[in-house]
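Structural features, examined
Chain by chain, the residues:
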Amino acid sequence: MTFLASAPAKVILFGEHFVVENEPAIAAALDLRVEVSVNLLDEKRFEIRSGNLFSFVRLDDLLSNHYSVNQHFKPLYIILRKVIEKYGFEGGLKFIIKSPIPMGVGLGSSAAVFVAFSAGLLKAVAGEYDLEKVVKLASEGEILAHGRPSGIDPTISANGGVIVYRKSEGFIPLKAAIPLHLVIGVSGEVRSTATMVEKVLSLKKRFPEIFEPLYHAAGHLAIEAAKAIERGDLTSIGMLMNINHGLLSSLGVSTMNLERLVHAARDAGALGAKITGAGGGGAIISICPQNLLETVASAIKRSGGFPLISKVSDRGVSVIER
Ligand code: PMV
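Report on the accompanying structure. All residue numbers refer to positions counted from 1 along the written sequence of the respective chain. For a predicted model such as this one, the threshold for reporting local features is a pLDDT of at least 70, and the threshold for listing and counting side-chain atom pairs is 80 or more; totals across whole chains, interfaces and linings nevertheless cover every residue. To obtain the side-chain values, all non-hydrogen atoms of the structure were included, while hydrogens and water were left out.

Overall, antiparallel pairing links the four strands, which are arranged β9-β10-β8-β11 in an open sheet. Edge positions in the open sheet fall to β9 (272-276) and β11 (306-311), since each of these has one partner strand only. Across this sheet, the average inter-strand angle for adjacent strands is 25°, counted without regard to direction. Strand pairing follows a simple DSSP-based rule, namely that at least 2 bridges must link the two strands. Every helix listed is a DSSP run of H or I at least four residues long, and every strand listed is a run of E at least two residues long, numbered separately from the N terminus. Two strands pair when backbone bridges link them, and strand β8 (residues 181-186) and β11 are joined in this way by six bridges, in the antiparallel orientation. Among the inter-strand pairings, Val183 is bridged to a residue of β11, identified as Ile309. Axes here refer to lines fitted to C-alpha atoms; in helices the fit is confined to the stretch in contact. Angles between the N-to-C directions go from 0 to 180 degrees.

Okay, structure coming up:
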């Protein structure tokens, strides 16, 4: 029997970084999905394959914590061990991960993998999964991968759609009144979310009088943006994205390449454009009228970025049996 789990990539539409200090942020799931297939094995061992990376660990070694694996797979084996210890399992499993999501650019590729992996694993071992358990497991993976994550990535990937998220309060779903079309521009600059988060937090700590009001402004901005999304007011959404980009620049997370992509998108007719995710590289997003998607994508390409045309999707994690 095969379980086929899948989970979406995400973008943060508003409020990245500010969310780490408990301001509200808005995230959306994309129509770009990771797939994790889970097959039962006769042998008592666990295999994980992702692209050309492969590893396996025997059940006994996993339970006694006597194994060493590629850094890339470590969070997955930790999730695996937690589930096996909780539910008990005497067999083996083979996981194959397929992801079209560019890695390390702020599109939530790791969270989508952890979410799909956790859901497929729970289904195979416990017979069922629920979103709360999936988010909790995937968040543990995120902590290992990213240091101090706010939890927004696994939450949106598991639930799908658009959410307002606040660290201390969890999330509420938003009903977008219109389809949200995005052109993403991947910059090609590599960065680490954990490093960027630490950099921003130390800047804030150094100048608290300046940054406290800025963080509150970002919180208000996210609330205004939530209202604009629910009324389907694309013009306001775009304007608020531009303001949000300015706030992120003041946190020191923009780069010359990101600025180039943001301005290329705006000049080509996007209603608004901003960094998405941790910045320091990674990607930008722009919100566009449907008839300008290709034009904006070409402008991003001419400016040295890799464009991805995408749409916000209501689908969160799912598992089917085959
Ligand atoms: O991993 P990224 O690039 O999507 O960044 C996550 C967003 C941050 O707010 C910077 C960090 C977090 O955990 O919320």
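On to the side chain of Glu23, then. Following the sequence through the fold, Glu23 ends up in the loop between β1 (2-14) and β2 (25-41). Arg166 provides the closest opposite charge to the buried, salt-bridge-free Glu23, at an N-O distance of 4.5 Å. If near-sequence neighbours (up to four positions away) are discounted, Glu23 is found in contact with Phe18, Tyr165, Arg166, Tyr215, His216 and Gly219. Any residue under 20% of the maximum accessible area for its type is buried, any over 50% is exposed, and the rest in between are partly exposed; the area is computed with a 1.4 Å probe on protein chains only. Positive charges come from Lys and Arg, negative ones from Asp and Glu, while His and the chain ends are left out of the count. The rule for a salt bridge is simple: a side-chain nitrogen of Lys or Arg has to be within 4 Å of a carboxyl oxygen of Asp or Glu. Contacts are assigned to residue pairs with any non-hydrogen atoms lying within 4.5 Å of each other.

Inspection of the region around the ligand gives 16 residues, with Lys10, His17, Ser150, Arg191 and Ala278 positioned closest. We define a polar contact as two N or O atoms separated by no more than 3.5 Å, with the added condition that, inside protein, one atom must be a possible hydrogen donor and the other a possible acceptor, whereas residues neighbouring each other in sequence contribute only through side-chain atom pairs. Within the backbone of His17, a nitrogen or oxygen atom sits 2.9 Å from an oxygen atom of the ligand. Here an oxygen atom of the ligand and a side-chain polar atom of Arg191 are 2.6 Å apart. Note that accessible areas follow from Shrake-Rupley with a 1.4 Å probe, and for residues the cover is restricted to the protein chains shown. Out of a free accessible area of 370 Å², the ligand has 95% covered by protein chains. When contributions to the shell around the ligand are tallied by element, the ones reaching two or more residues are β1, α5 (152-159) and α6 (193-206). Residue classes follow a fixed rule: Ala, Val, Leu, Ile, Met, Phe, Trp, Tyr, Cys and Pro count as nonpolar, while Asp, Glu, Lys and Arg count as charged, and any other residue, Gly among them, counts as polar. Classifying every residue of the shell around the ligand by side-chain character gives seven nonpolar, five polar and four charged. For each residue, the test is whether any non-hydrogen atom lies within 4 Å of the molecule or strand; if one does, the residue is near.

Here we take up the packing of aromatic side chains. Centre distance and the angle of the planes are the two values used to describe a pair of aromatic rings. Here a pair means two rings of Phe, Tyr or Trp (six-membered ring of Trp) with centres within 6.5 Å. Their orientation is stacked below 30 degrees between planes, edge-to-face above 60, and tilted elsewhere. If you walk through the whole model with that rule in mind, you get five aromatic pairs. With 4.8 Å between their ring centres and 70° between their planes, Phe18 and Tyr215 make a pair best called edge-to-face. Of this pair, Phe18 sits in the loop between β1 and β2 while Tyr215 is found in helix α7 (residues 208-231), placing the two residues 197 residues apart along the sequence. Of the two residues, Phe18 and Tyr215, neither departs from the other in class, the shared state being buried. Centroid distance Tyr67 to Tyr77: 5.8 Å. Interplanar angle 50°. Geometry classified as tilted. Remark: Tyr77 occurs in helix α2 (residues 74-87) and Tyr67 occurs in the loop between α1 (59-63) and α2; sequence separation between them is 10 residues. Lys204 extends its terminal NZ or CZ atom over the ring of Tyr215, reaching a point 4.7 Å from the ring centre. Lysine and arginine charges are scored as sitting over a ring when NZ or CZ, respectively, is within 6 Å of the ring centre and within 35 degrees of the ring normal.

A large share of β8 lies buried, amounting to six of its six residues. Because side chains alternate across β8, one face comprises the buried residues His181, Val183 and Gly185, and the other comprises Leu182, Ile184 and Val186, equally buried. Here five bridges tie β8 to strand β10 (residues 283-287), and the two strands are oriented antiparallel to one another. Bridging from a neighbouring strand, Ile184 pairs with Ile285 of β10.

This brings us to the pattern of salt bridges. Between side chains of opposite charge, a pair can form when the charged atoms approach closely. Inspection of every chain in the model, using the stated rule, returns 14 salt bridges. Glu43 is paired through a salt bridge with Arg45; the nearest N and O atoms lie 4.0 Å apart. Glu43 gets classed as exposed once you look at its relative accessible area, which sits at 51%. Judged by its relative accessible area of 17%, Arg45 falls in the buried class.

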